[in-house]
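This is what each chain is made of:
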Amino acid sequence: MRHLLDRRGRPVGRRARSILLVCLIALVIFVLFETVAPLLISTVLVRDRMETAVERWIGQDVTIGGAPTLRFWPKARITLSDVTIRRDDEQKRTIGHVSELSAAFDLFGALIGRPIFKDFRLREPKIFVTRQADGTLDWSDAGLLAHAVADVRPSGNGQSLSVSYDAPIGEIRVHDGSVEINQAPEGTVTRIEGISGRVRWPHLSEGASLTGEAVVAGRKVSAEISSSQPLLLFSGRSSNTNGTIRSDLFNAQFSGIVNLAEHGFLSGNAELSTVDLPELMTWFGIDFPAADHMKALSLQAKLITSADAVRFEGLSLDINDVHATGILDLALKPNAQPRLTGTLALNRIDFSPLLAEIAPRLLDENDPAGQFRNRFDLDLRLSAQNAALGPFGLSEVAIGVMNIGAQSRVDILDSDFEGGRLTGRIGTIKEGDAGGVAARLSVHGADFATIIQRLGLQGPLPAGKGSFELAMDVARPLTAVAWRKAKGSFHFTADGGVLPGVDLANIRQLAAQKPYFSLDDAKGTGGFEFNSIDIAATLANGSADITQGRIVGASDTISLSGIVPYINSSLALSATIDRPGSDARGGNTPIAPATFFIGGSWPDPVIWPLHQNVPKLGD
């Protein structure tokens, strides 16, 4: 027939005839490849060349346990099974095994006995790597790849190689592989399993990119990494690298310079975020007790590195609901502890975890927080718009945190506090064999009515604007005995205010009627309004010894002396109420001074007029 006919008897069009002709030619080529190519190309020769090529690449002994297979459509490809790689030394240690290795090759090269292999496929590869102390990878110290790593030179943003080492690679696909990294000289082992992905690397002199996933410490991690200088990266030198790593626990991105030397560093733009920082630290194998008070974390910064330091410039940090910006420097000098210094501005801060976990070393050295602090030196300056200190709120706070050697402290350099100012310090001191802790607190012009209310204190305490100074030294370890033996002093002053529930007229009346009575019995509806208060005491052995006690009202003055054993809330005070005689312009009626012993316990003390028999302190 002159024309092909379709099933209805109509001639087939020119386009259809062309399609049929192409399919027929492709079928003929496939048949020719599958029947003729095996006759022209020696399987043994390609296998031997493949084995030689692998040995040439890595410079180690390679043995192939399984029989090779060849296929020629759509590309010529050889597949080897049970491939084992051993060190080329006396021990013959196994450093790699591949269940199945295949590679594409050119037919013309195979016909003349010199096939060139590329586009590799690896199924279930197992690699065993030793990372030396200087950052180099001791997996292969010979062969084409090792020679290329030794020969590579930076070239702008790329790398350059001698022509003799610039071999083609193409694409490498990995399925279900694993890598075991032994860190010398510590001997710690890291295993990465379930590796599947793709590496695109046209030639050794060019850039490379990796896309894949793996299981690290029980968690699936995906990665997209590219480098314009991959050989420089393998050699332990600086390399232009971009990467993104993700898991269900964190996301990390980086664009800049990467160095895998002894103190590997990054220099460029970095981002890290996690929804569970304690779990992330545990997954990384890092003992970081302070992370227990944190949850979500997000960090963005430009990393700038030198030989022994890393700077976090333009840092933006979010921890839980706290946002901070600033700059940090991490020094990594030889034979010295890492030191973190810098300045951060925060929207808010809570002092409780700061005091408990960062500084000072208040607890025993075996405490996990103390062990963490022993591994880091800190010298930080913090500022916060708002801060929490127990039940109190502070604003416009300036803070210093220092933890260097055996010395550690937290300073509140300045803050707005209850209508006044607050400064303070808690830090280590040299006190006895184990050292001690020194606490200093200074409050000026604050509303003590509000302070007393927030602390939940009971009893007739002064309500008004006042100032308070506290100094206390405690020996370590901080046991109950150490607190009882704490030494220090305090000083409280106020200009104007009221002692709620203190009615001097009722006290004088009951003193004339009863041998003793409680302060609550003499309680009035108002209080004793004072013009000034000045009370000072020394602290020792669990008691406050009043060295100065004077409360001056409009008509009456109260003088106090004695001790307050604060460890059991008891009292042993002498009080005198005095009303000076009136002058020519006054109208006060002179009243004889009244002296009392104040005992019992706070907040409901018992008062004995001193013309009565005074009980012993033990009673």
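Worth saying up front: this structure is predicted, and the values here are computed from it rather than measured. (Residues numbered from 1 in each chain as written. Predicted model: local features only at pLDDT ≥ 70, side-chain atom pairs only at ≥ 80, totals over all residues. Heavy atoms only, no water.)

Once that is clear, we can look at the overall build of the protein chain. Secondary structure assignment for the protein chain yields 11 helices and 33 strands. For the protein chain, buried positions account for 38% of its 619 residues. Here the analysis covers contacts within the protein chain between residues at least 6 apart in sequence; of these, 47% occur between residues at least 24 apart. Carbon together with sulfur atoms contributes 56% to the accessible area of the protein chain, which is approximately 32,800 Å² in total. (Helix = DSSP H or I, 4+ residues; strand = E, 2+ residues; numbered from the N terminus. Buried < 20%, exposed > 50% of the residue type's maximum accessible area, 1.4 Å probe, protein only. Contact = heavy atoms within 4.5 Å. Areas by Shrake-Rupley, 256 points an atom, 1.4 Å probe, with all protein chains shown as cover.)

Helical geometry: 3.6 residues make up each α-helical turn, so side chains three or four residues apart lie on a common side. Within the sequence span of helix α9 (residues 448-455), burial applies to F448, T450, I451 and I452. Against the buried residues of α9 lie β20 (392-404), β21 (407-417), β23 (436-447), β24 (465-475) and β25 (487-494). Positioned one or two residues after α9, G456 has a phi angle of 70 degrees, which is positive.

Bringing the environment of T450 into the picture now. Position of T450 among the secondary structure elements: in helix α9. It is 7.3 Å that separates the C-alpha atoms of T450 and E418, two residues lying 32 residues apart in sequence. Engagement of the side chain of T450 in a polar contact is seen with the side chain of D447, the distance being 2.9 Å. (Polar contact = N/O pair within 3.5 Å; in protein donor to acceptor, adjacent residues only side chain to side chain.)

This structure, assessed with the given rule, holds 25 salt bridges. Between K295 and D276 there is a salt bridge, with the nearest N and O atoms lying 3.3 Å from each other. With K295 in the loop between α6 (277-284) and β15 (297-305) and D276 in the loop between β14 (265-274) and α6, this residue pair connects regions lying 19 residues apart in the sequence. For the salt bridge of R311 with D329, the shortest nitrogen-to-oxygen distance reads 2.7 Å. Of this pair, R311 sits in strand β16 (residues 309-319) while D329 sits in strand β17 (residues 322-331), and the two are 18 residues apart along the sequence. The class of R311 is partly exposed, set by a relative accessible area of 33%. Owing to a relative accessible area of 22%, D329 belongs among the partly exposed residues under this scheme. Here the salt bridges share partners, and the residues they tie into one network are R121, E171, R173, R198 and R200. (Salt bridge = Lys/Arg side-chain N within 4 Å of Asp/Glu carboxyl O.)

Our next topic: unusual backbone geometry. The omega torsion of the bond from W602 to P603 falls at 20 degrees, within 30 degrees of zero and hence cis. Phi is positive for D119, which is not a glycine, with a value near 50 degrees. Of note, D119 is situated in strand β5 (residues 117-131). The backbone of A217 sits at a positive phi, close to 50 degrees, despite the residue not being glycine. If you trace the backbone, A217 turns up in the loop between β10 (208-216) and β11 (219-227).

Within the sequence span of helix α11 (residues 504-513), burial applies to L504, I507, R508, L510 and A511. One side of α11 carries all its buried residues, which in axial view fall inside an arc of 170 degrees. In α11, the exposed positions that point more than 90 degrees away from the buried face belong to A505, A512 and Q513. For α11, the elements touching its buried residues are β27 (517-518), β28 (527-540), β30 (557-564), β31 (572-579), β32 (591-601) and β33 (604-609). For α11, the side-chain oxygen to backbone nitrogen distance between the N-cap and A505 is 3.1 Å, and the N-cap itself is D503. (Arc of directions from axis to C-beta.)

In terms of strand pairing, β16 meets β17 through 9 bridges, oriented antiparallel. The partner of D318 across the bridge, within β17, is H323. Taking the residues that link successive antiparallel strands as the turn, the β16-β17 hairpin has 2 residues, and the phi of N320 there is positive, at about 55 degrees. Taken together, the 8 bridges between β17 and strand β18 (residues 339-350) define a ladder with antiparallel strand orientation. When the bridges of β18 are listed, T325 appears paired with A345. (Pairing = 2+ DSSP bridges.)

Regions with low pLDDT carry predicted coordinates that are not meant to be interpreted in detail. Averaged over all residues, the pLDDT of the protein chain is 82; the fraction at 70 or higher stands at 81%. Per-residue pLDDT, averaged within each element of the protein chain, yields its smallest value for helix α8 (residues 368-373) (55) and its largest for β25 (95). Taken as a whole, residues 1-5 scores under 50 in pLDDT and shows 9 contacts with residues more than four places along the chain or in a different chain. Low confidence marks residues 582-586, where pLDDT is under 50. Its contacts with residues over four positions away, or in another chain, come to 3 contacts. (pLDDT = per-residue confidence, 0-100.)

As a further point, take the environment of P609. Mapped onto the elements, P609 comes out in strand β33. Overall, P609 belongs to the buried group, its relative accessible area being 1%. Expressed as a C-alpha distance, the spacing of P609 and T576, which sit 33 residues apart in the sequence, is 9.9 Å. Discounting chain neighbours no more than four positions away, the residues touching P609 are A511, K514, P515, Y516, F517, T595 and F596.

Let us now look at the pairing of β24. Here β23 runs beside β24; their pairing, made up of 10 bridges, is antiparallel. Paired with G436 across the two strands is A475, which belongs to β24. Of the strand pairs in this sheet, β24 and β25 are connected by 8 bridges, and their pairing is antiparallel. Looking across to β25, one finds that S467 is bridged to T493.

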